[in-house]
Amino acid sequence: MSFVSRGFQGRRREEGDSGRVPPGQYLVEDFPVLSAGPTPHTPLEEWSFTITGEVSEPKTWTWEEFHGLPSETITKDIHCVTKWSKLDTVWEGVSVDTLLEEVDHDAAYVVAFCDGGYTTNLPLEDVSDGKAWIAFGYDGEPLDPEHGGPARLLVPHLYFWKSAKWVRGLALAEQDEPGFWEALGYHMYGDPWREQRYWGD
Ligand SMILES: Nc1nc2c(c(=O)[nH]1)N[C@H]1C(S)=C(S)[C@@H](COP(=O)(O)O)O[C@H]1N2
Ligand SMILES: [Mo]
């Protein structure tokens, strides 16, 4: 009897998870590292975060100022275009809303820019209203450099290439301009639930 009910619970758990895995994805327990180049190591004294582009006045935070902003713990599923998904990842970060409050703008898009030159584009809407963070912690620890430390963009509802590692700022714009992978054929938007992997998907 107890054996049967254990099996039943096991199946139910799997069904519960499968509703959280977008089409074409498989679950991983580990945390793969995917970087298009070497891991930069910017000392925290030289680190800053800037909102620039089409804003009336750019705004910059030093690491100390950034770390003094209100932060939150975020538990989210993440989905990489190379087909792995990881459930319930736990991050610490500052909401992008908190940062955008500090600039006057009329923009509809952003390009995240990073140490090492990586960029990625997103609609402003997709980094607003509690949908995106600048994360500096993972699993209760400072974010590992390989995973984007000291800080990365976290936009869990889009494919993970949008979650720019080693992020140093957001450039606001009226027009949607492709970032690094988007210029090489990745989808401009990248919704994992609609399998928007590449141009034309
Ligand atoms: N700066 C930067 N950010 C990046 C990348 C990169 O190469 N450089 N790769 C992207 C891709 S394709 C993915 S899947 C995730 C991988 O994050 P991870 O290495 O922490 O798993 O980071 C994204 N952010
Ligand atoms: Mo990726």
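Residues numbered from 1 in each chain as written. Chains lettered and ligands numbered in written order. Predicted model: local features only at pLDDT ≥ 70, side-chain atom pairs only at ≥ 80, totals over all residues. Heavy atoms only, no water.

The number of helices and strands found in the protein is 4 helices and 11 strands. When burial is assessed residue by residue, the protein has 47% of its 201 residues classed as buried. Taking all contacts inside the protein whose residues are at least 6 apart in sequence as the whole, residues at least 24 apart take part in 66%. Of the accessible surface of the protein, which amounts to about 10500 Å², a share of 51% is contributed by carbon and sulfur atoms. Between the centroid of the 16 positive side chains of the protein and the centroid of its 35 negative side chains there is a distance of 12 Å. (Helix = DSSP H or I, 4+ residues; strand = E, 2+ residues; numbered from the N terminus. Buried < 20%, exposed > 50% of the residue type's maximum accessible area, 1.4 Å probe, protein only. Contact = heavy atoms within 4.5 Å. Areas by Shrake-Rupley, 256 points an atom, 1.4 Å probe, with all protein chains shown as cover. Lys, Arg positive; Asp, Glu negative; His and termini not counted. Charge placed at Lys NZ, Arg CZ, Asp CG, Glu CD.)

The environment of ligand 1 is made up of 19 residues, and the closest members are Pro32, Ala36, His147, Arg152 and Lys165. Residue Pro32 places a main-chain N or O atom 2.6 Å away from an oxygen atom belonging to ligand 1. Between ligand 1 and the protein, one listed contact pairs a nitrogen atom with a backbone N or O atom of Ser163 at 3.2 Å. Coverage of ligand 1 by the protein chains reaches 97% of its 530 Å² of free accessible surface. (Near = heavy atom within 4 Å. Polar contact = N/O pair within 3.5 Å; in protein donor to acceptor, adjacent residues only side chain to side chain.)

Looking now at the nonpolar core. In this structure, Phe49, Ile51, Phe66, Leu99, Ile134, Leu153 and Leu172 are the most contacted members of the largest nonpolar core, which totals 36 residues. Breaking this core down by element, the ones donating at least two residues are strand E2 (48–53), helix H2 (63–67), helix H3 (96–100), strand E6 (109–114), strand E8 (133–138) and strand E11 (167–173). For Phe49, the residues in contact, after removing those within four places along its chain, are Lys59, Thr60, Trp61, Leu99, Ile134, Val167, Arg168, Gly169 and Leu170. Of all hydrophobic cores here, the second largest spans 13 residues; its members include Val28, Ile74, Cys80 and Ala135. (Core = buried A, V, L, I, M, F, W, Y, C linked by side-chain atoms within 4.5 Å.)

The subject of this paragraph is the confidence of the model for the protein. With 92% of its residues at a pLDDT of 70 or more, the protein has an overall mean of 93. When mean pLDDT is compared element by element in the protein, strand E10 (residues 152–154) scores highest at 99, while helix H1 (residues 2–18) scores lowest at 49. Segment residues 1–14: pLDDT under 50, and 0 contacts once partners within four positions in sequence are set aside and those in other chains are kept. (pLDDT = per-residue confidence, 0-100.)

This next bit is on the packing of aromatic side chains. A complete count under the given rule lists 20 aromatic pairs for this structure. Ring centres 6.5 Å apart and planes at 35 degrees place the aromatic pair Phe31 and Phe160 in the tilted group. Of this pair, Phe31 sits in the loop between strand E1 (26–27) and E2 while Phe160 sits in the loop between E10 and E11, and the two are 129 residues apart along the sequence. Take Phe31 and Phe160: they sit in the same class, and that class is buried. Relative to Tyr198, the ring of Tyr186 has its centre 5.4 Å away and its plane inclined at 75 degrees; by these criteria the two rings are edge-to-face. Linking Tyr186 in the segment after helix H4 (180–183) with Tyr198 in the segment after H4, this pair joins segments that are 12 residues apart in sequence. On the basis of relative accessibility, which here comes to 14%, the residue Tyr186 falls in the buried class. (Phe/Tyr/Trp six-rings, centres within 6.5 Å; stacked < 30°, edge-to-face > 60°.)

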